[in-house]
Amino acid sequence: MADVIEREGRVHLPVYARQPLVIVRGSGCWVWDDEDRRYLDLVAGIAVNVLGHSHPAVAEALAAQARTLLTTSNLYYTLPQLELAEMLLARSPFDRAFFTNSGTEANEAAIKLARRHGNPRGAYEIVSLTGSFHGRTLGSLAATGQPKYAAPFAPLPEGFIHVPINDTDALLGAVGERTAAILLEPIQGESGIHPLTDAYLMAAREAADRVGALLILDEIQTGIGRTGTFFAFEQTPVVPDVVTLAKGLGGGVPIGAMLVRESASSFQTGDHGTTLGGNALTAAAAIATLRVIDDEGLLDKARERGAQFAAALTGADHITEVRGKGLMIGVETSGPFARSAVAIARDQHALLINATGDSTLRLVPPLVISPQEVDEAVDRLLAALAEAAEA
Ligand SMILES: *Cc1c(COP(=O)(O)O)cnc(C)c1O
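For the structure given in this document, a descriptive report is provided here. Owing to the predicted nature of the structure, the values given are computational and were not obtained by experimental measurement. (Residues numbered from 1 in each chain as written. Predicted model: local features only at pLDDT ≥ 70, side-chain atom pairs only at ≥ 80, totals over all residues. Heavy atoms only, no water.)

**So, the pattern of salt bridges**
- The final tally for this structure, using the stated rule, is 19 salt bridges.
- A salt bridge links Glu8 to Arg18; the nearest nitrogen and oxygen atoms lie 2.7 Å apart. Placement of the pair is Glu8 in helix α1 (residues 2-11) and Arg18 in the loop between α1 and β1 (23-27), with a sequence separation of ten residues.
- Residue classification places Glu8 among the partly exposed residues on the basis of a relative accessible area of 27%.
- Linked by salt bridges that have partners in common, Arg205, Asp209, Asp241 and Arg261 make up one network. (Salt bridge = Lys/Arg side-chain N within 4 Å of Asp/Glu carboxyl O. Helix = DSSP H or I, 4+ residues; strand = E, 2+ residues; numbered from the N terminus. Buried < 20%, exposed > 50% of the residue type's maximum accessible area, 1.4 Å probe, protein only.)

As structure tokens, this is what we get:
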């Protein structure tokens, strides 16, 4: 491990605060390091590996597609991309799809779509939330309401307005004739699992309709069954005009998507595009992922295992609050020891968890996690919290 850390430090830009762990393989909810130590993984590539690691259905779809056709550019039609679009639209209220390679690109597409939609009436502003996270490219970064990510890169694109979460008056005050879209995560992920209230989402829907703006939901983290329904908005009273997806969509391979209702479908030929987005390889992995989600009943399982986690963690020692839905779980610790709990969990209890703040942990395990693995994870987590609280 020391050798890997030293070599990486010479060659990679130092943008990542990596933990001292070299992961060499994975299976289900478990990963192995370079000394063959096994860890229970509640990070899952940050809410990416919905089927766990090395699911045979994804591995086989990738191998078969790799032998058949990898990519063609979007100058031609390909069948996996078409089939994936049909599958996503069949299970949603949307009418059209566009595929990308990442989450931030899906949001860039949505921002451009909103600008295109608002252009005839001079509307260009995107209203989003303080504490939100929408990605690292300049448009998504401008929408992200966290100055720490954006400040060194000023000036960012104009026309992005941030309002505090769940504050309806602030939202209504910010939405007007110039608003092209309201962009929201149904549950903020990066900033520590903060759900929007139904009342707030309804106010956003009404405000968008009142001025002719689009309601865009960034479901890059909440989507693909993470919260116990395929989209998190299915558990709310609103239906957005546009939704963005990525993370779990490919079961671990890089693919994102923007899904759009016909009424918001303002792109014309040439307005947007990508060379590799929606290529046959990643589309095949996404198709396999969606099939397994259905075949293994993973939406129900996400709800059940999420309830199991919540029941076991709520009121436990050193935990003051448990938030979230399904297997998107935020745990508030009773003191600022979340980051040391991450290290103790990893090194002493072979458990991988993520801290989003000094006293907030994020648990986003594979949706295939078993009841026994949840019990095991809870035991390890509570032991790590007890040690971190003492230290
Ligand atoms: C991870 C994430 C993104 C960015 O996705 P990338 O694939 O890292 O570009 C955007 N929005 C939300 C809500 C996310 O969780």
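**Points about the layout of surface pockets**
- Counted as a void, the second largest pocket has a volume near 1,000 Å³.
- Forming the walls of the second largest pocket are 30 residues, and the residues nearest its centre are Asn74, Gln81, Ala97, Phe98 and His272.
- Here the lining of the second largest pocket is built from residues that sort into 14 nonpolar, 13 polar and three charged. (1 Å grid on protein atoms, 1.4 Å probe; cavity = no way out; pocket = protein on both sides within 12 Å on 5 of 7 lines; lining within 4 Å. Points joined across faces, edges and corners; volume = space filled by probe spheres on them. Nonpolar A, V, L, I, M, F, W, Y, C, P; charged D, E, K, R; others polar.)

**Overview of the environment of Pro157**
- Position of Pro157 relative to the elements: it lies in the loop between α7 (147-150) and β6 (160-163).
- What makes Pro157 partly exposed here is its relative accessible area of 35%.
- Here Pro157 is in contact with Leu138, Gly139 and Ala142, once residues within four sequence places are set aside. (Contact = heavy atoms within 4.5 Å.)

**Here's the deal with the packing of aromatic side chains**
- Scanning the entire structure with this criterion turns up five aromatic pairs.
- Residues Phe94 and Phe233 carry aromatic rings whose centres are separated by 6.0 Å and whose planes lie at 90 degrees to one another, so their mutual orientation is edge-to-face. Taken together, the positions of Phe94 in the loop between α4 (79-90) and β4 (96-100) and Phe233 in the loop between β10 (214-218) and β11 (242-245) put the pair 139 residues apart, joining distant regions of the chain.
- Note on Phe233: relative accessible area 4%, which makes it buried.
- Residues Phe133 and Tyr149 carry aromatic rings whose centres are separated by 5.6 Å and whose planes lie at 70 degrees to one another, so their mutual orientation is edge-to-face. (Phe/Tyr/Trp six-rings, centres within 6.5 Å; stacked < 30°, edge-to-face > 60°.)

**With respect to the sheet that holds β6**
- Pairing is mixed across the open sheet formed by seven strands, whose spatial order is β4-β12-β11-β10-β7-β5-β6. Either end of the sheet is taken by a strand with one partner, and the two such strands are β4 and β6. Taken pair by pair, the neighbouring strands of this sheet meet at an average axis angle of 20 degrees, ignoring direction.
- Of the strand pairs in this sheet, strand β7 (residues 179-184) and β10 are connected by four bridges, and their pairing is parallel. Across the sheet, the residue bridging to Leu183 is Ile216, located in β10.
- Lying over the sheet, helix α9 (residues 198-211) contacts β5 (125-129), β6, β7 and β10, oriented at roughly 165 degrees with respect to β7. (Pairing = 2+ DSSP bridges. Axes fitted to C-alpha atoms, helices over the stretch in contact; angles between N-to-C directions.)

**Digging into helix α3 (residues 56-68)**
- End to end, α3 covers 18 Å across 13 residues, agreeing with the expected 18 Å (1.5 Å per residue, within 8%).
- Among the residues of α3, Val58, Ala61 and Gln65 are the ones counted as buried. Axial view of α3: buried residues confined to an arc of 65 degrees, hence all on one face. Among the exposed residues of α3, those oriented more than 90 degrees off its buried face are Glu60 and Arg67. (Expected span 1.5 Å × (residues − 1). Arc of directions from axis to C-beta.)

**Brief notes about unusual backbone geometry**
- A cis geometry characterises the amide bond from Ala154 onward to Pro155, with omega recorded as 0 degrees.
- Turning to its location among the elements, Pro155 is positioned in the loop between α7 and β6.
- At Ser73, a residue that is not glycine, the phi angle is positive and equals roughly 70 degrees.
- Mapped onto the elements of the fold, Ser73 is located in the loop between α3 and α4.
- One non-glycine residue with positive phi stands out, namely Ala350, at about 50 degrees.

**Regarding the environment of Lys112**
- Summarising the element assignment, Lys112 is placed in helix α5 (residues 103-118).
- Residue Lys112 is classed as partly exposed on the basis of its relative accessible area of 39%.
- Measuring from C-alpha to C-alpha, the distance between Lys112 and Leu313 comes to 42 Å, with 201 residues separating the pair along the chain.
- In this structure, Lys112 is in contact with Phe267, Asp271 and His272, ignoring residues within four places of it in sequence.
- Here the side chain of Lys112 touches Asp271 through a polar contact of 3.1 Å, landing on its backbone oxygen.
- At 2.9 Å, the side chain of Lys112 forms a polar contact with the side chain of His272. (Polar contact = N/O pair within 3.5 Å; in protein donor to acceptor, adjacent residues only side chain to side chain.)

**What to know about the sheet that holds strand β14 (residues 328-333)**
- Pairing is antiparallel in the open sheet, where four strands are placed in the order β13-β14-β17-β16. The open sheet terminates on both sides in strands that have one partner only, identified here as β13 (319-325) and β16 (354-357). Averaged over all adjacent pairs, the angle separating strand axes in this sheet is 25 degrees, with direction ignored.
- With respect to the sheet, helix α11 (residues 298-313) is in contact with β13, β14 and β17 (360-363), its orientation differing from that of β13 by roughly 170 degrees.
- Along the sheet, helix α12 (residues 338-349) makes contact with β14, β16 and β17, crossing β16 at roughly 170 degrees.

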